[in-house]
Amino acid sequence: MKNESDTIVAIATPPGRGGVGIVRVSGSNSRLIGEKFFKAKSLSFEHGKMFFGKYSGSVEDTGYLVFFKSPFSYTGEDTVEFHLHGSPFILKSVISDIVESGLARLAGPGEFTKRALFNGKVNLIEAEAINTVISAENSYQAKVLSSLSGKLSDYILSLKSKLVSSIAFLEAQIEYPEEEETENALNDTIPLVEESVNSLKKALNYYEKSRFLFRGVKVVIAGNPNVGKSSLLNAIAGFERAIVTDIPGTTTDSIEVEIEFDGINFVFVDTAGIRKSEGKIEKLGIEKTYKQLEEADLILYLFDPLQLSAEKENFNLPEGFDKFTDKVLKVLNKVDLKDIPYFEGIKISAKENRGIDGLLNKIGSYFKNRDISENFLFSDRQYFALKEALSILEDFLDYAKGDFFPEVGASFLSHAIEVLEGVVGEITTDDILDSVFGNFCLGK
Amino acid sequence: MVEFDVVVIGAGHAGCEAGYATAKLGYKTCLLTINLDVVGQMSCNPAIGGLAKGHIVREIDALGGLMAKIIDKTGIQFRVLNKSRGPAVQSPRAQADKVMYRIEMRKTLEETENLFLIQDIAQEIVVKNAKVEGVMLESGNFIKCQKVIVSTGTFLGGKIFIGDKCYPAGRTNEIPSLTLADNLKDLGFKLTRFKTGTPARVHRDSIDFSKMERQDGDEPPFFFSFDPPERKVEQVPCYLTYTNEKTHEIIFKNIHRSSLFSGLIQGVGPRYCPSIEDKLKKFPDRERHQVFLEPESRFTVEYYVNGVSTSLPVEVQYEYLRTIKGLENVEILRPGYAIEYFSIDPLTLKVSLESKEIEGLYFAGQINGTSGYEEAAGQGLIAGINAALSLRGEEPVVLGRDQAYIGVMIDDLITKGVDEPYRMFTSRSEYRLLLDHYTADKRLMPIGHRVGLVSDERYAKMLKKYETIEKYCKEVLPLSLKKVLTEGFFKVFSEIDKGKTPTFEKLLKRPDISFEKIKPYLKEDYNTSYFIEVETTVKYKGYVDRELKRVKKTKNLEKIKIPENFNYNISGLSREVREKLERVKPQNLAQASRIPGVTPASISIIYLALTKKKR
Ligand SMILES: Nc1nc2c(ncn2[C@@H]2O[C@H](COP(=O)(O)OP(=O)(O)OP(=O)(O)O)[C@@H](O)[C@H]2O)c(=O)[nH]1
Ligand SMILES: [Mg+2]
């Protein structure tokens with residue numbers, strides 16, 4: 001039987017952790033459910049009050065019931081919470097009792113917050129923040145998130161006012177063609193736009209440095225063919241994820257492994273080797289590699305001591321790596337075969353599983369030591385909106401270099417403002433909801 | 001008792017368009033005027049058009065209204081402003097012959113079937129069961145009718161101020177409409193006091209034009225109308241001069257005597273059309289302000305002193321005018337004055353310009369809180385069309401913000417309301433590049449034609465025009481410069497790099513190149529009479545697409561309709577927001593999102609509430 005109830009239920013505390021476990025119910029049947037399953041001396045359902053008593057359904061457990069009256073609850077609807085012992089067995093039984101009673105159905109991911117949003121209890125940005133906080137697995141991540149949304153709004157506001165005044169110069173020129181004082185409008189406009197561009201670039205950069213907190217870290221393993229990239233991936237994974245042979249060019253497609261280390265989620269990506277002369281198929285592989293390199297938060301560039309010619313043992317990066325130098329970590333592999341004493345980077349042997357822990361520690365601290373205090377974005381949606389605004393403003397500057405119509409310039413700028421306004425005040429429609437709640441977890 | 005289908009109260013720029021439209025669409029219309037000898041009078045400056053306003057006139061023409069036709073026949077100087085900018089912000093402007101304009105307007109109205117210009121004063125709009133029944137006139141006559149369009153301009157409770165003098169009037173020495181104001185209050189309309197002003201008119205022969213800069217019209221003149229008259233215009237110049245420190249000194253010394261600053265005037269004036277007193281107060285450091293001398297008519301000696309509208313006493317007006325270069329011996333024929341009048345709150349109107357509360361009652365023009373002839377005429381036309389459509393039992397015409405400045409204006413009025421007289425600016429449109437006036441015919445004539453104000457013949461001509469343009473764009477634009485232009489071009493425009501401008505299209509894209517400039521070098525086969533339209537397409541290519549994409553985004557919100565009886569009592573909406581929404585009653589989410597103070601978060605809440613059932 002499909003349960004069509006508008007009342008939802010879920011476990012609100014993280015799974016498998018001890019202490020108190022909370023089952024949350026939200027919707028018009030909340031109170032009924034409380035009455036049906038909870039026995040207490042004077043269960044008056046007074047708003048916000050905790051009632052001590054006994055849960056009795058297919059299991060029995062002593063604990064508290066809390067009732068929040070609409071519209072003062074988290075979701076804005078009548079809400080009941082059962083605070084019981086945190087045993088997964090008890091909590092799961094409570095859920096199935098309630099669902100089987102037909103008075104509620106199991107909540108979908110993020111449905112509580114979604115309802116809070118529908119009922120005007122939180123706005124979209126807050127919902128995003130909640131999402132990020134609750135999907136943050138440890139306190140390190142959660143700590144960083146505090147107060148970001150305020151910072152973001154302030155930032156957008158100040159940027160917007162800068163752009164509005166830059167438009168004003170152009171508008172004066174357009175609307176008052178006969179006035180004398182409106183001539184050099186562009187000279188007044190450009191510096192303001194340039195400032196905005198720089199500030200946006202900084203903001204995006206802060207986020208790029210910090211986003212590993214919100215969506216994990218992508219580490220790309222790159223290097224010449226046969227240097228042992230796939231071997232390293234396997235060493236990190238702890239099993240044979242990628243095929244290893246002594247034939248150069250074995251790996252043609254990117255292969256990923258996810259691990260959690262030091263509280264951060266990592267995705268390691270093995271790529272096709274990079275070499276000078278390319279066959280057609282490999283070329284495709286190289287293009288894919290390049291894309292991975294661009295997206296990478298960190299690149300492990302592997303060297304094979306046997307491949308380095310004796311006289312000029314240099315550790316230069318290949319052509320086209322210039323723009324990645326900031327995020328490259330050089331690694332010397334196969335040190336079981338040959339050591340190069342003056343190589344200053346990390347030395348490992350993928351085959352013999354030597355130095356792998358050291359490498360991971362180094363990667364961990366690479367991220368943890370980052371100064372992320374300046375960042376104020378916390379979702380990709382925000383990031384891409386800012387990026388779009390940046391590209392519009394860059395288009396404007398580009399346009400302003402050539403022959404210039406003020407009304408076209410103004411059109412660029414007002415578009416950029418519109419996009420920025422969207423960051424803090426996007427009108428929530430279905431596609432946005434989907435993107436925000438797509439990766440929400442249950443219980444919130 | 002007499003019977004009409006429609007009564008229009010006031011024969012100013014709004015009323016003339018409204019009455020013309022309803023009559024033309026087949027409804028017997030009474031156009032009431034306080035004085036039959038001044039119909040379609042230009043109370044203020046003797047010019048029509050200019051930035052954004054010129055756009056509106058072109059839109060009126062495309063929809064089948066009058067203003068463009070009349071000014072084309074009677075203008076005495078024609079100019080396109082902002083010629084050095086792109087087509088979207090160019091705008092036609094004409095100096096009118098005020099006398100001829102109103103004579104021509106009256107003649108046109110009198111020749112319109114079903115239309116009766118009647119001199120009388122509306123005393124009371126008779127309403128029964130929230131529906132219009134007729135209009136009681138001060139003469140004692142009662143007109144039974146189904147629709148009333150109120151377009152009283154500055155006449156509703158009008159009061160004129162000159163220094164410490166003030167007297168009731170709609171214009172100098174013309175009686176205002178007083179009882180109607182009380183009637184509207186009784187009908188539940190909240191009336192606001194607005195103010196506007198006008199400068200002195202001076203004698204031509206007392207002006208020394210030789211000390212001023214002469215401004216001539218364009219040759220050939222650019223007419224407003226899609227089918228302009230065959231007319232050789234003997235253009236009359238305007239003259240530019242400036243105020244100076246001496247002028248400012250006198251005004252400052254006497255500023256306390258201005259009715260504006262003495263506290264006599266309560267009404268709110270237009271920020272964008274300030275009196276000279278206002279200008280000096282606001283920009284005390286500016287050394288000079290522009291002053292234009294514009295002829296009022298070929299048949300009179302009056303000149304309008306544009307830029308120094310005022311409510312200072314007459315003797316001060318003399319004193320400061322005479323400090324201005326070229327006006328040392330000026331003689332004033334009529335002093336400048338300020339005028340206060342009543343307007344209603346446009347938030348009480350539907351997008352059709354009909355009252356939300358009283359069926360059959362429409363408002364147009366200055367009474368809705370706007371300023372300017374063109375703004376008034378645009379509303380008049382729409383109110384007229386919609387009154388007629390309603391009589392036909394059809395849906396009203398609603399012009400989109402991406403379609404017409406008139407659409408932007410009406411949406412602004414009924415969504416944001418006004419707290420000062422509303423003047424049109426191109427920047428009020430978020431899609432300015434789409435609204436160039438050259439292609440107003442393409443956007444709006446289909447509507448005018450469907451409604452019945454544009455003849456089949458005229459409509460077909462417009463379609464043909466755009467076929468020709470499209471063909472030209474497809475066939476000629478991709479050609480090389482050598483193919484299209486004569487040798488002479490390359491000599492004169494030697495700086496143009498042929499390598500970088502391989503095609504004719506690339507050449508036209510340059511802001512420094514216009515068809516007008518290269519016309520002499522265009523080979524015979526490649527000439528076109530629609531070059532400005534072609535140029536617009538080329539110049540804005542790409543940029544227009546960007547705007548269209550943005551339009552599409554709001555269109556999605558526009559599709560989400562809000563039922564008229566929608567209950568805004570949703571949790572999460574603050575009381576203020578709720579009150580605003582209830583007042584405006586937006587038709588869809590896009591309009592709701594434009595209401596000031598309604599945050600995106602509240603829009604999301606409404607959206608979610610509207611679609612909650614479906615989830
Ligand atoms: N002795 C030794 N051999 C290694 C080490 N790492 C990898 N190899 C060997 O080097 C060869 C290439 O290893 P892969 O991991 O396939 O190298 P790759 O970089 O992925 O090669 P491509 O995918 O072809 O680009 C295999 O024979 C590995 O066993 C190491 O640390 N020590
Ligand atoms: Mg490999």
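Residues numbered from 1 in each chain as written. Chains lettered and ligands numbered in written order. Predicted model: local features only at pLDDT ≥ 70, side-chain atom pairs only at ≥ 80, totals over all residues. Heavy atoms only, no water.

Caption draft 1: Layout of the overall build of chain B. Helix and strand counts for chain B come out as 21 helices and 22 strands. The C-alpha radius of gyration computed for chain B amounts to 25 Å, which stays within 12% of the reference 25 Å derived for 615 residues, consistent with globular compactness. By principal-axis analysis of the C-alpha atoms, chain B measures approximately 75 × 75 × 50 Å. Taking contacts inside chain B between residues at least 6 apart in sequence as the whole, the part at least 24 apart equals 73%. Element-wise, carbon and sulfur atoms account for 49% of the exposed surface of chain B, whose accessible area totals about 25,100 Å². Side chains of chain B carry 92 positive and 81 negative charges; the gap between the two charge centres is 6 Å. (Helix = DSSP H or I, 4+ residues; strand = E, 2+ residues; numbered from the N terminus. Rg over C-alpha atoms; globule rule 2.2 N^0.38 Å. Contact = heavy atoms within 4.5 Å. Areas by Shrake-Rupley, 256 points an atom, 1.4 Å probe, with all protein chains shown as cover. Lys, Arg positive; Asp, Glu negative; His and termini not counted. Charge placed at Lys NZ, Arg CZ, Asp CG, Glu CD.)

Caption draft 2: View of the site of ligand 1. Residue and element names in this part refer to chain A. Taken together, the neighbourhood of ligand 1 is formed by 23 residues, with S230, S231, G249, T250 and T251 sitting nearest. V227 is positioned such that a nitrogen or oxygen atom in its backbone is 3.2 Å from an oxygen atom of ligand 1. S349 is positioned such that a nitrogen or oxygen atom in its side chain is 3.2 Å from an oxygen atom of ligand 1. Each residue belonging to the shell around ligand 1 can be placed in one class, and the counts come to 7 nonpolar, 11 polar and 5 charged. (Near = heavy atom within 4 Å. Polar contact = N/O pair within 3.5 Å; in protein donor to acceptor, adjacent residues only side chain to side chain. Nonpolar A, V, L, I, M, F, W, Y, C, P; charged D, E, K, R; others polar.)

Caption draft 3: Spatial organisation of the coordination of the magnesium ion (ligand 2). Residues and elements named next belong to chain A. Taken together, the protein ligands of the magnesium ion (ligand 2) are S230 (OG) and T251 (OG1), with distances of 1.9 to 2.1 Å. You can see S230 sitting in helix α9 (residues 229-237) and its partner T251 sitting in the loop between α9 and β9 (255-261), a full 21 residues away along the chain. With respect to class, S230 is no different from T251; both count as buried. (Donors = N, O, S within 2.8 Å, 3.2 Å for Na, K, Ca; no water. Buried < 20%, exposed > 50% of the residue type's maximum accessible area, 1.4 Å probe, protein only.)

Caption draft 4: Local environment of the interface of chain B and chain A. Each side of the interface is counted separately: chain B has 44 residues, and chain A has 39 residues. Carbon and sulfur atoms make up 53% of the surface buried where chain B meets chain A, a total of about 3,600 Å² over both sides. It is R85, R546 and R550 of chain B in chain B that bury the most area against chain A; as a group they hold 18% of the surface buried on that side. Across the chain B-chain A interface, the total number found is 3 salt bridges. Residue E418 of chain A is joined to R550 of chain B by a salt bridge in which the shortest nitrogen-to-oxygen separation is 2.9 Å. (Buried area = accessible area lost by both parts, 1.4 Å probe. Salt bridge = Lys/Arg side-chain N within 4 Å of Asp/Glu carboxyl O.)

Caption draft 5: Structural detail: the domain arrangement of chain A. Entries for chain A in the domain assignment read domain 1 (8-122), domain 2 (142-211 + 375-437) and domain 3 (214-368). Each of domain 1 of chain A and domain 3 of chain A was reduced to a C-alpha centroid, and the two centroids are 49 Å apart. (Domains from an automatic or database assignment.)

Caption draft 6: Spotlight on the side chain of N234 of chain A. All names here are of chain A. Note on placement: N234 falls in helix α9. A relative accessible area of 6% means that N234 is categorised as buried. The residues contacting N234, other than those within four sequence positions of it, are F239, E240, R241, A242 and V244.

Caption draft 7: Local environment of the packing of aromatic side chains. Counted by the stated rule, this structure contains 38 aromatic pairs over all chains. With a centroid separation of 6.2 Å and an interplanar angle of 85°, the aromatic rings of F493 of chain B and Y521 of chain B are classed as edge-to-face. In this pair, F493 of chain B sits in the loop between α14 (487-492) and α15 (504-509) while Y521 of chain B sits in the loop between α16 (515-518) and α17 (531-539), placing the two residues 28 residues apart along the sequence. The rings of Y290, Y301, F303, F315, F321, F324 and F343 of chain A are connected pair by pair, giving a single aromatic cluster. Seen from the ring of Y242 of chain B, R288 of chain B lies directly overhead, with NZ or CZ sitting 3.5 Å from the centre. (Phe/Tyr/Trp six-rings, centres within 6.5 Å; stacked < 30°, edge-to-face > 60°. Lys NZ or Arg CZ within 6 Å of the ring centre and 35° of its normal.)

Caption draft 8: The arrangement of the domain arrangement of chain B in detail. You can read the domains of chain B as domain 1 (201-339), domain 2 (465-544) and domain 3 (559-614). Distance from the C-alpha centre of domain 2 of chain B to the C-alpha centre of domain 3 of chain B: 49 Å.

Caption draft 9: Up close: the packing of helix α2 (residues 53-63) of chain B against helix α11 (residues 440-451) of chain B. Residue and element names in this part refer to chain B. Relative to each other, α2 and α11 sit at 40°, their axes nearing to 7 Å. It follows from the interaxial angle that α2 and α11 lie oblique. Regarding α2 and α11, the two cross each other, and that crossing is right-handed. Counting all contacts with α2, which are made through R58, E59, A62 and L63, the residues of α11 involved are A440, D441, R443, L444, M445, I447 and G448. Residues that form the contact of α2 with α11 fall into these classes: 6 nonpolar, 1 polar and 4 charged. (Axes fitted to C-alpha atoms, helices over the stretch in contact; angles between N-to-C directions. Parallel < 35°, antiparallel > 145°, perpendicular 65-115°, else oblique. Left-handed = near helix turned anticlockwise from the far one by under 90°.)

Caption draft 10: Geometry of the sheet that holds strand β8 (residues 217-223) of chain A. Residue and element names in this part refer to chain A. The strand order across the open sheet built from 6 strands is β9-β10-β8-β11-β12-β13, with neighbouring strands paired in mixed fashion. Unpaired on one side and paired on the other, β9 and β13 (346-347) mark the two borders of the sheet. The sheet contacts of α9 involve β8, β9, β10 (264-270) and β11 (298-303), and relative to β10 the element is tilted by about 150°. On the sheet, helix α11 (residues 356-368) packs against β8, β9, β10, β11, β12 (328-332) and β13 and is oriented at approximately 120° with respect to β10. (Pairing = 2+ DSSP bridges.)

Caption draft 11: A look at the pairing of strand β21 (residues 337-344) of chain B. Residues and elements named next belong to chain B. A large share of β21 lies buried, amounting to 8 of its 8 residues. Of the two faces of β21, the one holding Y337, I339, Y341 and S343 and the one holding A338, E340, F342 and I344 are both buried throughout. Where strand β12 (residues 159-162) lies against β21, 3 bridges are found, and the strand directions are antiparallel. Each residue of the ladder has a partner; that of I160, found in β21, is I339. Looking at chain direction, strand β14 (residues 191-198) and β21 are connected through 8 bridges and run antiparallel. Residue T192 lies in a different strand from β21, and its bridge partner there is S343.

Caption draft 12: Quick look at the sheet that holds strand β9 (residues 131-137) of chain B. Residues and elements named next belong to chain B. Strands sit in the order β1-β10-β9-β8 across an open sheet of 4 strands; the sheet is mixed. Only two strands of the sheet have a single partner each, and these edge strands are β1 (2-3) and β8 (122-128). Examined bridge by bridge, β9 and strand β10 (residues 142-144) share 3 bridges and lie antiparallel to one another. Of the residues in β10, the one forming a bridge with V135 is I143.

Caption draft 13: Just the pattern of salt bridges, in detail. Tallied over the entire structure, the rule returns 56 salt bridges over all chains. For E421 of chain A, the salt bridge is made with K160 of chain A, and the minimal N-O distance between the two is 2.9 Å. Taken as a pair, E421 of chain A in helix α13 (residues 406-425) and K160 of chain A in helix α6 (residues 148-175) lie far apart in primary sequence, 261 residues in all. Sharing partners across several salt bridges, the network here consists of R401, D411, D412, K416, E430 and R594 of chain B.

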